[in-house]
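Structural overview for review
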Amino acid sequence: MPITVKMTVNGKAVSRDVEPRTLLVHYLREHLGLTGTHVGCDTSQCGACVVHVDGKSVKSCSMLAAQAEGAAVTTIEGLAAADGTLHPMQEAFREHHGLQCGFCTPGMVMSAVDLLQVNASPSEREVREWLEGNLCRCTGYHNIVKAVLDAADKMRATPQAAE
Amino acid sequence: MSTDGIGARVRRKEDYRFLTGNGHYVDDINRPGQAYAAFVRSPLAHARIRSIDTGAASAAPGVLAVLTGDDAKADGIGGLICGWMITSKDGSPMKAGGHPVLAQDKVRYVGDHVAVVVAETLDQARDAAELVDVDYEELGVVASTATARAAGQPAVHDEISDNTCYEWELGDKAATDVAFSGAAHVTRLDIVNNRLIPNAMEPRAAIGDYDRGSDSFTLYTTSQNPHVHRLVLSAFVGIAPEHKLRVVAPDVGGGFGSKIFIYAEETVCLWASKRVRRPVKWTAERAESFLSDAHGRDHVTKAELAMDANGKFLGLRVHTIANLGAYLSTFASCVPTYLYAPLLSGQYKIPAIYAEVDGVYTNTAPVDAYRGAGRPEATYVVERIVETAAREMGIDPAELRRRNFIGPDEYPYQTPVIMTYDCGDYNASLTKAMELADYGGLAARKAEARARAKLRGVGFSCYIEACGIAPSAAVGSLGAGVGLWESGSIRFNPTGNVIVNTGSHSHGQGHETTFAQLISSHLGVPTDQVEVVHGDTDKTPFGMGTYGSRSLAVGGSALVKAAEKIVAKGRKIAAHLMEASEADIEFKDGKFTVAGTDKEKSIQEVAFAAYVPHNFPPDLEPGLEENAFYDPLNFTFPAGTQICEVEVDPDTGVVEIVNFVAVDDFGVVINPMIVEGQVHGGIVQGVGQALCEAAVYDEGTGQLLTGSYMDYRMPRADDVPSFKVDMTVTPNPSNPLGVKGCGEAGAIAAPAAVMNAVIDAIGADLQMPATAERVWQALQAGTKMAAE
């Protein structure tokens, strides 16, 4: 029997009737049409599906939609400003060529944004260790790490940019 | 001169959509009324199918169809093909076993497609797939590359009793034997090139969509070459004639070769969509990707290098057994032959080379091109044996290479294995790499590491590759079933902006930016006024797609030809507009001028006039749109040096890469930012092969033991350092852009650099991947030997 699951996604209240076994990532992709969040594996290893649930990065394949009942969820579609201005992390990925095919990118960006919430001045090592749950096959991580470090610098210089 | 043309680090045009979640990958597409496919796959590596009972599955909720190999046969759906004929040394053609889209009579590897269930929802399709009851008669399994041809092994294809697809050779055996008989020193090496699973982050996916009204099909699929898909599905599989089949490869999340091939799944989705009169969608779960994407590499090789007393190379002899898997995938046959042995000369003058390759069938997933395709295997053989020889001869590895390099004044250089190298300066890239790696300070760093009880080592890899695949006449003479030219078209709109259509395909390489830069430089139109379209057979001219680092060298060159035609046409229009002779019209930086006057018309004004030709003379055709096909004159030969420095912890066997330098000669570079990114990514794929990745089959059962990211060890951000990447440039004389291609170099060179470094550190030979356990075991064995 379908159940009703309500939450706030990218600032908007949403409600959908779904099968109880529906994962959060499928709720977002299939039921809300937010296809920016990707599915890259079936063992919660790749991180392509990372979103923020109540402000914290979560692999959205590893929780049921029902577990996010009442939560505030932010996906990659909700990260840029309403006028389309990129979040400093998105801008840094663009500036430093931190993406190629773009498939891992949404999860990578959402994960990196959370890193800077936890640690505003990460070292290169700390960035690499934080991102070890996000697989990228294209970039060799080099430019992703560079982008995250640069975003950290810029966001420290202008803290409001992160908001 | 435009500031966003050739040579500029232009930020990518495609990034905004990817960074904001607005990419359109196949799984993001949903068609009205779409149904879902789930495949029933073989749990056994080798078995005869006694019967398939689809009754319970057909009766399950939501099920629209359950289809098997018999249904495919009844509908005249042909098997999958291999597009390159290899001839054995005895003159006989390769033996290609049949490759049905759904198994007929037998299954030949774990994951082989047995049946498909199409249902209203994905969950219903998957649930019903579990109900398909297949009665198997288990057969003996052959899963080992080295012993696939041994007497008494079960036959993967009944009609090919020795599991041998071909026994192929290249080079002069007699001359090579003579070289060895006169050698002062011979270095011998056994080499395993480990089997890999490509693992593009986007799993393969397909939507087959049959339109009854027009009796035509659309296939949305994860393809690196949509026109090749269309051609094979039409001409060989027989789904629909070409003009009734549209193939769309939208945003594709990485390919690395694995999305070149025509697979059973997309074929079945197309066919099933006509059967059920609904669009049929399938997206691979990652577990399916591990089982059924074409794998890469998997060679077992014996190599011998003959030298004189000074370390001059006299001859190279190589025997390789190449595992082709259970079926011949689309280009499987050419990868361990013509993409491999012609590169065995490396950057060196080797007067005599003889290579033998035995292609074998096993009960494993098909093996085909994976980033580098044959060239990493060749580089690994050459660079491992050269470094081993240096160690044995007591010659510095850089010095041994320098003694044998083809000199910058020796081009064109004809190797003994087909290739004619056209340009390069190998010592320049080696020297620059040694400076960046501080090779001079190595001894001190080794001593310092020793004081901390760590083992430090350095490894070189001086690679060469043949890219820009390829001159049609050349590949045709070697057995290719296709020409490997590329197409492009340039259309000016009346308002002066430009649509570029290319037959190549971008799945991360950034064509939308690089090709726009090319147009900017050649036609003076800013990149933001250029839209590059690819990946749709209804929109783009017939093209061969993207692989073998060919897009810019071949596809870009086609666009240069089209741009020249645009200028020629524009010159006619400008002459008319400015009432001048066509011979007096000059074109530069987007402006047509009348020589010796201040009269000028911008290309945008000319374009507008071309579409509003109110006063054109009768012989001047309206419009400003040109297309071109370009067939290259030669392969391109990117080359360079990578130097890897590692530190090994002898207590744990853990290898840490402490420094990694790459200096590449890609010829002219259009966008250095994108090129460096290609190098970084390639290096990590090579590092992955060297240190952690391996597709492992159980030899007794043929079960894939590394079937998920928990067992198949992908390189992660904390496994690798940042890299030092630099370039040297010898412009390529064989194409109008002077470019060579950069997509595969990193993956081609890195395995040898890393392994040479590890072996230098631990003082023992080792096969890839150099996992902590293997390194520790090698160190223990060494310690034991020293104690005895």
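Residues numbered from 1 in each chain as written. Chains lettered and ligands numbered in written order. Predicted model: local features only at pLDDT ≥ 70, side-chain atom pairs only at ≥ 80, totals over all residues. Heavy atoms only, no water.

Residues and elements named next belong to chain B. Spatial ordering of the open sheet is given by β21-β20-β19-β25, a layout of four strands whose pairing is mixed. The outermost strands of the open sheet, each flanked by one partner alone, are β21 (530-533) and β25 (625-630). With strand direction ignored, the average angle separating the axes of adjacent strands in the sheet is 15°. (Pairing = 2+ DSSP bridges. Helix = DSSP H or I, 4+ residues; strand = E, 2+ residues; numbered from the N terminus. Axes fitted to C-alpha atoms, helices over the stretch in contact; angles between N-to-C directions.)

Right, let's talk about the domain arrangement of chain B for a bit. Residue and element names in this part refer to chain B. Here chain B is described as being made up of domain 1 (422-469 + 634-788) and domain 2 (485-630). Using only C-alpha atoms to locate each centre, domain 1 and domain 2 end up separated by 41 Å. In this assembly, 19 residues from domain 1 lie in contact with 18 residues from domain 2. Summing both sides of the interface, domain 1 and domain 2 together bury roughly 1,300 Å²; the carbon and sulfur share of this comes to 61%. On the domain 1 side of the contact with domain 2, Ile469, Ile670 and Leu737 bury the most area, a combined 39% of that side's loss. There are zero salt bridges connecting domain 1 and domain 2. A breakdown of the residues in the side of domain 1 that touches domain 2 according to their chemical character gives eight nonpolar, eight polar and three charged. (Domains from an automatic or database assignment. Contact = heavy atoms within 4.5 Å. Buried area = accessible area lost by both parts, 1.4 Å probe. Salt bridge = Lys/Arg side-chain N within 4 Å of Asp/Glu carboxyl O. Nonpolar A, V, L, I, M, F, W, Y, C, P; charged D, E, K, R; others polar.)

We now examine the side chain of Thr728 of chain B. Residue and element names in this part refer to chain B. When you line up the elements, Thr728 lands in the loop between β28 (724-727) and α18 (745-762). Thr728 sits in the buried class, given a relative accessible area of 14%. Apart from the residues within four sequence positions on either side, Thr728 is in contact with Ala428, Ser429, Lys432, Val663, Asp664, Asp665 and Phe666. (Buried < 20%, exposed > 50% of the residue type's maximum accessible area, 1.4 Å probe, protein only.)

Before going further, it helps to spend a moment on the side chain of Asp28 of chain B. Among the secondary structure elements, Asp28 of chain B is positioned in the loop between α1 (15-19) and β1 (35-41). Of note is the side chain of Asp28 of chain B, whose polar atom sits 2.8 Å from the side chain of Arg29 of chain A. (Polar contact = N/O pair within 3.5 Å; in protein donor to acceptor, adjacent residues only side chain to side chain.)

Residues and elements named next belong to chain B. Summarising the sheet, strand β27 (residues 655-665) and β28 pair through four bridges and their orientation is parallel. Within β28, the position partnered with Val661 by the bridge is Lys724. Taking the sense of rotation as the criterion, the β-α-β connection linking β27, helix α17 (residues 672-691) and β28 turns out right-handed. (Right-handed = clockwise from strand over helix to strand, strands pointing away.)

This next bit is on helix α10 (residues 397-404) of chain B. Residues and elements named next belong to chain B. Looking only at α10, the buried set comprises Pro397, Ala398, Leu400, Arg401 and Asn404. Buried residues along α10 cover an arc of 160° about the axis, so they all sit on one side. Summarising the contacts, the buried residues of α10 are in contact with β14 (313-325), α9 (375-393), α11 (426-436), β18 (455-464) and α18. Where α10 begins, one side-chain oxygen reaches toward the backbone nitrogen of Ala398, 2.9 Å away; that side chain belongs to Asp396. (Arc of directions from axis to C-beta.)

Residues and elements named next belong to chain B. Spatially, β7-β15-β14-β13-β8 is the arrangement adopted by the five strands of the open sheet, whose pairing is mixed. The open sheet is flanked by β7 (164-171) and β8 (185-196), the only strands paired with a single partner. For this sheet, the mean inter-axis angle between neighbouring strands, taken without regard to orientation, is 10°. Sheet topology note: the β7/strand β15 (residues 352-361) ladder contains seven bridges and is antiparallel. Paired with Gly171 across the two strands is Tyr354, which belongs to β15. The sheet strands contacting helix α5 (residues 173-181) are β7, β8, β13 (296-307), β14 and β15, and the helix crosses β14 at an angle near 125°.

Residues and elements named next belong to chain A. Packing of helix α2 (residues 88-95) against helix α5 (residues 142-157) brings their axes to within 8 Å, and their N-to-C directions diverge by 135°. Classified by the interaxial angle, the pair formed by α2 and α5 is oblique. Along this stretch, α2 crosses α5, giving a crossing that reads as right-handed. Seen from α2, the contacting residues are Pro88, Met89, Ala92 and Phe93; seen from α5, they are Ile144, Ala147, Val148, Asp150, Ala151 and Met155. Taken together, the residues of the contact of α2 with α5 sort by class into nine nonpolar, no polar and one charged. (Parallel < 35°, antiparallel > 145°, perpendicular 65-115°, else oblique. Left-handed = near helix turned anticlockwise from the far one by under 90°.)

On to the nonpolar core. Counting 226 residues, the largest nonpolar core has Phe93 and Val148 of chain A together with Leu344 and Val758 of chain B as its most contacted members. When residues in this core are grouped by element, the largest group, 13 residues, is from α18 of chain B. Excluding residues that lie within four positions of it along the chain, Leu344 of chain B makes contacts with Leu316, Val318, Ile350, Ile353, Ala355, Ala378, Val381 and Val382 of chain B. Counting 43 residues, the second largest nonpolar core, distinct from the first, contains Val498, Val567, Ile573 and Ala610 of chain B. (Core = buried A, V, L, I, M, F, W, Y, C linked by side-chain atoms within 4.5 Å.)

Residue and element names in this part refer to chain A. When the domains of chain A are assigned, the result is domain 1 (3-77) and domain 2 (88-158). Domain 1 and domain 2 are separated by 21 Å when their C-alpha centres are compared. Of the residues lining the interface, 17 residues belong to domain 1; the matching set on domain 2 comes to 15 residues. Summed over both sides, the interface between domain 1 and domain 2 buries roughly 1,200 Å², with carbon and sulfur atoms accounting for 59% of that surface. Contact with domain 2 buries surface across domain 1, with His38, His52 and Ile76 losing the most and accounting together for 40% of the total. Taken together, the links from domain 1 to domain 2 amount to zero salt bridges. At the surface where domain 1 touches domain 2, the tally comes to seven residue pairs in polar contact (both at pLDDT 80 or more).

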